[in-house]
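# Inside the fold
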Amino acid sequence: MALDFERPLLELEAKIEELKRFTREKDIDFSDEIVLLEKKSREMKENIYNNLTPWQKVQIARHAARPNTLDYIKALFADFLELHGDRLYGDDPAVMGGIGRYKGIPVTVMGHLKGHDTKENVQRNFGMAHPEGFRKALRLMKQAEKFGRPVICFIDTAGAYCGMGAEERGQGEAIARNLMVMSALRVPVVSVVIGEGGSGGALALGVANKILMQEHAIFSVSSPEAAASILWKDGTKAKEAAEALNLTAQDLLRLGVIDEIVTEPLGGAHSDLTTACHLLDQALERNLKELLEKSAEELVEARYAKFRAVGQTG
């Protein structure tokens with residue numbers, strides 16, 4: 001699952017492991033060589049991950065081993081109980097949601113869910129939700145408001161599913177209703193972009209008091225491939241589109257679209273799940289604590305002001 005730009009680093013790390021194995025099994029001292037190679041490995045990793053291009057960040061955001069919504073739910077929430085169905089049509093496995101406890105606080109948590117392999121992705125429709133997925137999320141949000149529970153959303157989708165069945169069941173209306181209801185929820189809402197934040201599928205879980213974004217995640221009106229097809233009539237220009245879309249966390253913080261960048265472990269979240277969870281946990285706890293101090297009226301007003309200010313200059 002190595003990305004092209006990661007291969008030199010992984011080859012060097014494999015060489016280090018080989019020398020360590022020789023040291024253990026053959027009783028040959030390669031300690032000096034190992035120290036030098038480990039130093040070179042650290043320097044190479046820092047150089048690669050501190051200078052990623054937008055297209056490389058797109059690749060990392062889509063990495064098959066990147067932690068998904070379920071990984072974070074298991075790591076950060078206690079007593080999680082998954083809830084199913086939209087009470088209208090059915091259950092959509094592309095969106096997972098339920099109730100649990102975060103630091104002892106009852107919360108409602110939900111998110112798009114991609115798989116880590118082909119079988120899981122097919123089962124989850126690659127994280128691309130149908131209308132019933134968004135309506136399930138909406139049902140859980142209204143339930144959270146009724147019982148005064150904060151809402152935490154994980155965003156990780158290339159976009160809403162655009163098949164005929166989804167359109168027949170009201171895909172656009174489902175997304176629009178989520179935007180409308182989320183804008184007026186009287187409980188704290190925190191959304192975290194953990195991988196791809198694509199198009200309306202991402203926005204349907206993204207009208208939050210605080211929008212956090214992992215360091216190497218992306219958030220955009222369109223995938224680079226789709227944008228290239230629209231702008232240049234050539235899907236192979238996705239790399240150029242990624243440069244033009246301002247889709248990185250660093251771009252979006254500068255533009256005021258998101259509120260905070262969540263640092264990832266060196267090498268990306270897919271390289272160290274434990275550290276990635278710890279860093280996200282710190283950011284989530286800090287922001288949720290701040291929001292819990294506000295009244296319902298203050299939360300709604302702050303959310304309104306936040307989105308009115310997006311795109312303003314000066």
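Residues numbered from 1 in each chain as written. Predicted model: local features only at pLDDT ≥ 70, side-chain atom pairs only at ≥ 80, totals over all residues. Heavy atoms only, no water.

## A word on the overall build of the chain
From N to C terminus, the chain includes 14 helices and eight strands. In summary, the chain has a C-alpha radius of gyration of 21 Å against a globular reference of 20 Å for 314 residues, a match within 12%. Seen along its three principal axes, the alpha-carbon backbone of the chain occupies a region of about 65 × 50 × 45 Å. Per-residue burial for the chain yields a buried fraction of 50% across its 314 residues. Across the chain, the fraction of contacts at a sequence separation of at least 24, relative to all contacts at a separation of at least 6, is 72%. For the chain, the computed accessible surface area is about 15200 Å², with 54% contributed by carbon and sulfur atoms. With 40 positive and 46 negative side-chain charges, the chain shows a spacing of 4 Å between the two charge centroids. (Helix = DSSP H or I, 4+ residues; strand = E, 2+ residues; numbered from the N terminus. Rg over C-alpha atoms; globule rule 2.2 N^0.38 Å. Buried < 20%, exposed > 50% of the residue type's maximum accessible area, 1.4 Å probe, protein only. Contact = heavy atoms within 4.5 Å. Areas by Shrake-Rupley, 256 points an atom, 1.4 Å probe, with all protein chains shown as cover. Lys, Arg positive; Asp, Glu negative; His and termini not counted. Charge placed at Lys NZ, Arg CZ, Asp CG, Glu CD.)

## Things to note about the nonpolar core
Counting 35 residues, the largest nonpolar core has M110, M141, V151, M213 and F219 as its most contacted members. The element that contributes the greatest number of residues to this core is helix α6 (residues 131-147), accounting for six residues. Among residues more than four places away in sequence, those in contact with M141 are M110, V151, C153, N178, M182, L185, A204 and L205. With 25 residues, the next largest nonpolar core counts M96, F154, A283 and L284 among its residues. (Core = buried A, V, L, I, M, F, W, Y, C linked by side-chain atoms within 4.5 Å.)

## Structural notes on the domain arrangement of the chain
For the chain, the assigned domains read domain 1 (4-51) and domain 2 (57-309). Computed from C-alpha coordinates alone, the two centres of domain 1 and domain 2 are separated by 36 Å. If you look at the interface, domain 1 gives five residues, while domain 2 gives eight residues. Taking both partners together, domain 1 and domain 2 bury about 590 Å²; carbon and sulfur atoms supply 64% of that area. For the interface between domain 1 and domain 2, the tally reads zero salt bridges. At the boundary of domain 1 with domain 2, the tally comes to one residue pair in polar contact (both at pLDDT 80 or more). The residue makeup of the side of domain 1 that touches domain 2, split by class, is two nonpolar, no polar and three charged. (Domains from an automatic or database assignment. Buried area = accessible area lost by both parts, 1.4 Å probe. Salt bridge = Lys/Arg side-chain N within 4 Å of Asp/Glu carboxyl O. Polar contact = N/O pair within 3.5 Å; in protein donor to acceptor, adjacent residues only side chain to side chain. Nonpolar A, V, L, I, M, F, W, Y, C, P; charged D, E, K, R; others polar.)

## Some points on the state of the cysteines
What we call a disulfide is simply a covalent bond connecting the sulfur atoms of a pair of cysteines. Under the defined criterion, the tally for this structure stands at zero disulfides. You can see C277 has no disulfide; the closest cysteine sulfur is in C153, sitting 18 Å from it. A residue is classified by how much of its surface remains accessible, and C277, at 7% relative accessible area, is buried. (Disulfide = S-S within 2.5 Å.)

## Topic: the packing of α6 against helix α8 (residues 171-183)
For the pair α6 and α8, interaxial distance at closest approach is 8 Å and the crossing angle is 20 degrees. Comparing the axis directions of α6 and α8 gives the class roughly parallel. Judged by the sense of rotation from one axis to the other, the crossing of α6 with α8 is left-handed. Here P131, F134, R135, A137, L138, M141 and K142 of α6 come into contact with α8, specifically with Q171, E173, A174, I175, R177, N178, V181 and M182. Counted by class, the contact of α6 with α8 contains nine nonpolar, two polar and four charged residues. (Axes fitted to C-alpha atoms, helices over the stretch in contact; angles between N-to-C directions. Parallel < 35°, antiparallel > 145°, perpendicular 65-115°, else oblique. Left-handed = near helix turned anticlockwise from the far one by under 90°.)

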